[in-house]
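# Architecture at a glance
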Amino acid sequence: MSQPTPPTTQAAEFTVQGMTCASCSARVERGLNAAPGVQSASVNLATERAAVTFDPAQTSLRDLSAHVRDLGYEPLTASAELSVQGMTCAACTARVERALKRLPGVLDASVNLATERARVTYLPGAATPADLKTAVEQAGYTVLTAPPPGGSGAADRASLEQAARSEHERSLERDLRLSAIFAVPLLLLAMLPMLWMPLHMALTGTLGEGGLNLLMLLLAAPVQFGPGRRFLRLGWSALRHGSPDMNTLVMIGTGAAFLYSLLVTVAPGLFPAGTAHVYFEASAVVITLILLGKVLEARAKGRSSAAMTALLRLQPTTARVTRDGQELDVPTGEVRTGDLILVRPGERVPVDGEVQGGDSWVDEGMLTGESVPVHKTPGAAVTGGTVNGTGSFTFRATHVGADTALARITRLVEDAQASKPPIQGLADRVVAVFVPAVLVVAALTFLAWLLGGPQGLSHALVNTVAVLIIACPCAMGLATPTSVMVGTGRAASLGVLFKSGAALEALHRADVIALDKTGTLTLGRPELTDLILTGAQDRAAALTLIAAAERGSEHPVARAIVTAARAEGLDLPDASAFRALPGEGIEATVNGRAVQIGSDRLMTRLGLDVTPLAKQADALADLGRTPLYAAVDGQLIAALAVADPIKPGSREAVRALQAAGRRVVMITGDHARTAQAVARQLGITDVRAEVHPAQKSAAVRALQAGGQQVAFVGDGINDAPALAQADVGVAIGTGTDVAAETAGVILMSGDLRGVPNAVALSRATLNNIRGNLFWAFAYNVLLIPVAAGVLEPTLGLRLNPVLAAAAMGLSSVFVLSNALRLRGFRPPVPAPAQAAPRPPASPEGRPHPPRQPQA
């Protein structure tokens, strides 16, 4: 039997630790792209993740992780221990080891026959504990150790990343405390004698100049080779690989100041008179201030991923499943499709499913951004992660694991946060040449002041160190990804999912918003809107006859009439002799009475005069409704109208888009008269009606012909070509999967008010990115020349390395803080449900369902 052909490409994502600036991420990206077999690689500094597409025949994730390690960075790995049953000899252990090592993402596996345990090291982004268990079971053995509770791959990776970030933050804080213990007294020892001469005289008289320098050396060395060792290690690794980064600048700057001061201390005779100054305080305080900036940066980066963390925490860890007549609490990751699950009051729904018994009110705000709970009865769909109210119900699981709506939303948000919008290209191009350019500027600064400065070597050293320290490109690297992370996270909380950074930017640029009508502007399901009776007819009796006759028809108009009758509690008798009259209507016999329902053409053919109701029928048609007539036993009894009602919020959405300067266009396959009537109600003046599904993409191309950017909003399968043709497609999340797959933006609720909100958030995010990039670039453009000393000859302004370090740290903190402002974004057109308060909490802290109106 022939072996299956291996895949030609494989995509994987893993976390890279140790990147501190844009040069770091660019270096890892270049290194991965240069590795054999890699087709594409993208590295995101804010999320600290590398996404790689590679040929598994030429390389592996093990090779790629080793390559990242050679570049001086550390891929995030996790360890798992599995209890393997059924192994009887060394061949068994070898077989299990091979099965585990063949799994993509596994870096190493070791199996012990005596303890019956397998220890596995893997990349969390490329493998999960569940994958490890499956690989062992497929090899023919049993695993006793279950995956972590609720252990989906994303949640497992997120918890590991959170733990790694917390440990990194704690490590930075430890180094900062240690550095400050030595740097603060060193700063006081260096600066106070300069400010108060008696203290200087006392110290030099007691210790001598050499003794004072030696004391400062003893204080500076623990900082330089303790907390400062991280910059030495990473900076040297980057320099050795020909890709200098921020760590290289810090290493060279502080190292030069420390070595110069060390030489002054141990061999002062080597220096001309008046130049033998020490700068121990500069190297130690610079390291301390950079560490302070890194601590603040780490805390802000943690907050920027808060939306992603909140999404991952929505899924409960366990589910109460009924199996073989017993109720069992099992990890959510082990729930199977078809399982019957009990949800008690106040609990979260573990996976997606369909209610089988019981009823309750469920808060679906995590999906739609709307706070009013939804009533769930048998047959209703429930979504994993949503919160149950005070009732309880059982449901059957229909989607589990990576197939749940929550998992898909999480993947979309992750992908969007990891992707780069086009505006990032400018920053990437600048960063690629920035650090080498800074090293050149630093060298020129050193030579210029060495040859022409008043104090020669000493002055040249101080200005060169200031240039190296002020020029950290961290702010440039963080400017875009942090704004994208916070912006897409805030969008998810409002029920708007951006599938990529490119979609986020494109929506902001859209000049024209083209809207489908049915299911987008309207509810997409016809409703009986009017029933006008002739003479003294009884309304209930007339509607009963009409609806009973229409029960035999599958037409949407017939279903609308039947639904309206049942909503009024009418008992519909059986009809007989039902007959559809193509193009005209229907006829049937109800309780022995002949009933005909249809167009004016049908009434005319029956010899009935519709004049008494014609004026009202024409008025209804002008409102975009479909008028019909009903006759019983040869007598005209009523005119009725059916329409697809406009969705709540559509008018506000259109007005908001027009107020924001967007041109709003309706594109629909409906008749022109109906389309124009709906457009009038919504305030839309540009209508493209009677457009067949195959022509919708052509209609979008026509709108793009003038060079305008077009966003198309739709919900149906027939909208997919137009969604793909548009510069950015916006899919109504309550529509079809095909539309959602084609679009770049998804509105999780069917409320069209999400469109102006998404446009506003896109604009706010892009403005935030522009502000960040301006600050990052302007900061370096303005302060590097100042640090080099260009203002010193004329204005006497000189940038001390200590102040340069403080400014460098503050620039990154400013960029991150600016991005975090997006968390407070307020939608310009909040839906009433979003503005409404949540139901009051019960004594147990669970929301009560809304109170129902009294009969």
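Residues numbered from 1 in each chain as written. Predicted model: local features only at pLDDT ≥ 70, side-chain atom pairs only at ≥ 80, totals over all residues. Heavy atoms only, no water.

## Focus on the overall build of the protein
Applicable threshold: Think of it this way: any DSSP run of H or I at least four residues long counts as a helix, any run of E at least two long counts as a strand, and we number them from the N terminus. Categorising residues by exposure relies on relative accessible area from a 1.4 Å probe, with only protein chains included: less than 20% of the type maximum marks a residue as buried, more than 50% marks it as exposed, and the intermediate range marks it as partly exposed. Here a residue-residue contact requires only that any non-hydrogen atoms of the pair lie within 4.5 Å. Areas reported as accessible are Shrake-Rupley estimates using a 1.4 Å probe. Residue values count occlusion only from the protein chains shown.
The helix and strand inventory of the protein stands at 30 helices and 29 strands. Here the protein holds 855 residues, and 53% of them are scored as buried. Contacts in the protein between residues far apart in sequence, at least 24 positions, make up 69% of those at least 6 positions apart. When the accessible area of the protein is evaluated, it comes to approximately 36,800 Å², of which 57% is carbon and sulfur surface.

## A few points about the packing of aromatic side chains
What counts is decided by this rule: Between rings of Phe, Tyr and Trp, where Trp is taken as its six-membered ring, a pair exists when centres lie within 6.5 Å; planes separated by under 30 degrees are stacked, by over 60 edge-to-face, and by other angles tilted.
For the structure shown, the criterion picks out three aromatic pairs. Consider the rings of Phe 393 and Phe 395, whose centres lie 6.2 Å apart with planes at 50 degrees: the pair is tilted. Across the pair, exposure class does not vary: Phe 393 and Phe 395 are buried alike.

## Regarding unusual backbone geometry
Positive phi is not limited to glycine here, since Ala 577 has a value of about 55 degrees. The residue Ala 577 is located in strand β20 (residues 575-581) in this model. In this structure, Asp 633 is a non-glycine residue whose phi angle is positive, near 50 degrees. Looking at the element boundaries, Asp 633 is found in the loop between β23 (626-632) and β24 (635-643).

## Describing the nonpolar core
If you look at soluble globular proteins, the nonpolar side chains tend to sit buried side by side. For clarity, the cut-off: To qualify as a nonpolar core, a set must consist of buried Ala, Val, Leu, Ile, Met, Phe, Trp, Tyr and Cys residues joined through side-chain atoms within 4.5 Å.
Of all hydrophobic cores here, the largest spans 128 residues; its most connected members are Leu 32, Phe 498, Leu 507, Leu 515 and Ile 684. Element by element, the count of residues in this core is highest for helix α27 (residues 754-788), at 15 residues.

## Details of the UniProt feature "transmembrane region" (unreviewed entry) in the protein
To be explicit about the condition: UniProt positions are given in the numbering used here, feature names are shortened, and annotations may be inferred rather than shown by experiment.
Following the UniProt record, one finds the feature "transmembrane region" (unreviewed entry) at residues 178-199, 211-228, 249-271, 277-296, 430-451, 457-480, 773-791 and 797-816. Structurally, residues 211-228 comprises 83% helix and 0% strand, and the distance from its first C-alpha atom to its last is 24 Å. For residues 797-816, helix accounts for 80% and strand for 0%, while the C-alpha atoms at its two ends are 29 Å apart.

## Some points on a nonpolar patch on the surface
Stated formally: What goes into a patch is any residue over 30% in relative accessible area without a salt bridge, connected to like charges within 9 Å or, for nonpolar side chains (Val, Leu, Ile, Met, Phe, Trp, Tyr), within 5 Å. The salt bridge criterion pairs a side-chain nitrogen of Lys or Arg with a carboxyl oxygen of Asp or Glu, the two atoms within 4 Å.
On the surface, Leu 447, Leu 450, Leu 451 and Leu 457 cluster together to form a nonpolar patch covering roughly 370 Å² of accessible area. The element that contributes the greatest number of residues to the nonpolar patch is helix α13 (residues 424-452), accounting for three residues. Its location among the elements puts Leu 450 in helix α13. Given a relative accessible area of 33%, Leu 450 falls into the partly exposed group.

## Topic: the pairing of strand β11 (residues 340-343)
Put simply, the test is: Pairing between two strands requires that DSSP report at least two bridges joining them.
Pairing analysis gives three bridges linking strand β9 (residues 318-323) to β11, with the strands arranged antiparallel. Opposite Val 321, over in β11, you have Ile 341 as the bridge partner. With four bridges joining them, β11 and strand β16 (residues 392-399) adopt antiparallel strand pairing. In the sheet register, Ile 341 faces β16, and the bridge partner there is Phe 395.

## Considerations on the pattern of salt bridges
Counted under the stated rule, the structure contains 20 salt bridges. Arg 69 is the partner of Glu 74 in a salt bridge, and the nearest nitrogen-oxygen pair spans 3.0 Å. The partly exposed category is assigned to Glu 74, whose relative accessible area is 35%. With its nearest N and O atoms 2.7 Å apart, the salt bridge here joins Glu 587 to Arg 579. For Glu 587, a relative accessible area of 17% puts it in the buried group. Assessed through its relative accessible area of 45%, Arg 579 is described here as partly exposed. Members of the salt-bridge network, linked through shared partners, are Arg 320, Glu 327 and Asp 329.

## Focus: the sheet that holds β23
Note: strands within a sheet are paired through backbone hydrogen bonds, in either parallel or antiparallel orientation. The cut-off we apply is this: Working convention: axes come from line fits to C-alpha atoms, limited for helices to the stretch in contact. Angles between N-to-C directions cover 0 to 180 degrees.
Pairing within the open sheet is antiparallel, and its six strands lie in the order β19-β24-β23-β22-β21-β20. Among the strands making up the open sheet, the edge pair consists of β19 (527-533) and β20. Averaged over all adjacent pairs, the angle separating strand axes in this sheet is 20 degrees, with direction ignored. The pairing of β23 with β24 spans seven bridges and is classified as antiparallel. Within the sheet, the bridge partner assigned to Pro 627 lies in β24 and is Ala 641. Running over the sheet, helix α21 (residues 611-622) touches β19, β23 and β24 and is turned about 150 degrees from β23.

## Topic: helix α22 (residues 650-659)
Residues three or four positions apart in an α-helix share a direction because the helix packs 3.6 residues into each turn. The following threshold applies: This arc is taken over the directions from the axis of the helix to the C-beta atoms.
Within α22, the full set of buried residues consists of Ser 650, Ala 653, Val 654 and Leu 657. Taken end-on, α22 shows its buried residues confined to a sector of 95 degrees, consistent with a single buried face. Lining the buried residues of α22 we find β18 (512-516), α17 (517-521), β25 (663-667), α23 (672-682) and α27. Positioned one or two residues after α22, Gly 661 has a phi angle of 90 degrees, which is positive.

## Considerations on the packing of α22 against α27
Rule in force here: Each angle is binned into one of four classes, with values under 35 degrees roughly parallel, values over 145 roughly antiparallel, values of 65 to 115 roughly perpendicular, and all other values oblique. Classification convention: Asp, Glu, Lys, Arg as charged; Ala, Val, Leu, Ile, Met, Phe, Trp, Tyr, Cys, Pro as nonpolar; all other residues, Gly among them, as polar.
Orientation of α22 relative to α27, taken along the N-to-C sense of each, is 30 degrees, at an axis distance of 8 Å. With respect to α27, the axis of α22 lies roughly parallel. Taken together, the residues of α27 that come into contact with α22 (itself represented by Ala 653, Ala 656 and Leu 657) are Val 755, Pro 756 and Val 759. In terms of residue class, the contact of α22 with α27 is built from six nonpolar, no polar and no charged.

## A short note on the environment of Gln 635
Its location among the elements puts Gln 635 in strand β24. A sequence separation of 28 residues divides Gln 635 from Gly 607, and the C-alpha atoms of the two residues are 9.8 Å apart.

## Focus: the confidence of the model for the protein
Close inspection of predicted coordinates is inappropriate in any region flagged by low pLDDT. Short version of the rule: A score between 0 and 100, pLDDT records how confident the predictor is in each residue.
On average, the protein scores 79 in pLDDT, and the residues at 70 or more come to 82%. Confidence scores differ between elements of the protein, with helix α30 (residues 832-835) showing the lowest mean pLDDT of 45 and β25 the highest of 93. Confidence drops under a pLDDT of 50 for residues 1-6, and excluding neighbours within four residues, the segment shows zero contacts in the predicted structure. Contacts of residues 145-151 to residues separated by more than four positions or lying in other chains number 18 contacts, the stretch itself having pLDDT below 50.

## Brief notes about the sheet that holds β18
Ordered in space as β17-β29-β28-β27-β18-β25-β26, the seven strands form an open sheet in which the pairing is mixed. Of all the strands in the sheet, just β17 (496-498) and β26 (686-688) have a single pairing partner and so form its edges. In this sheet, neighbouring strand axes are inclined to one another by 20 degrees on average, regardless of whether the strands run parallel or antiparallel. Across five bridges, β18 lies against β25 in parallel orientation. Bridge pairing in β25 places Ala 514 opposite Val 665. Across the sheet, α27 is in contact with β17, β18, β27 (710-714), β28 (728-732) and β29 (745-747); its angle to β17 comes to roughly 50 degrees.

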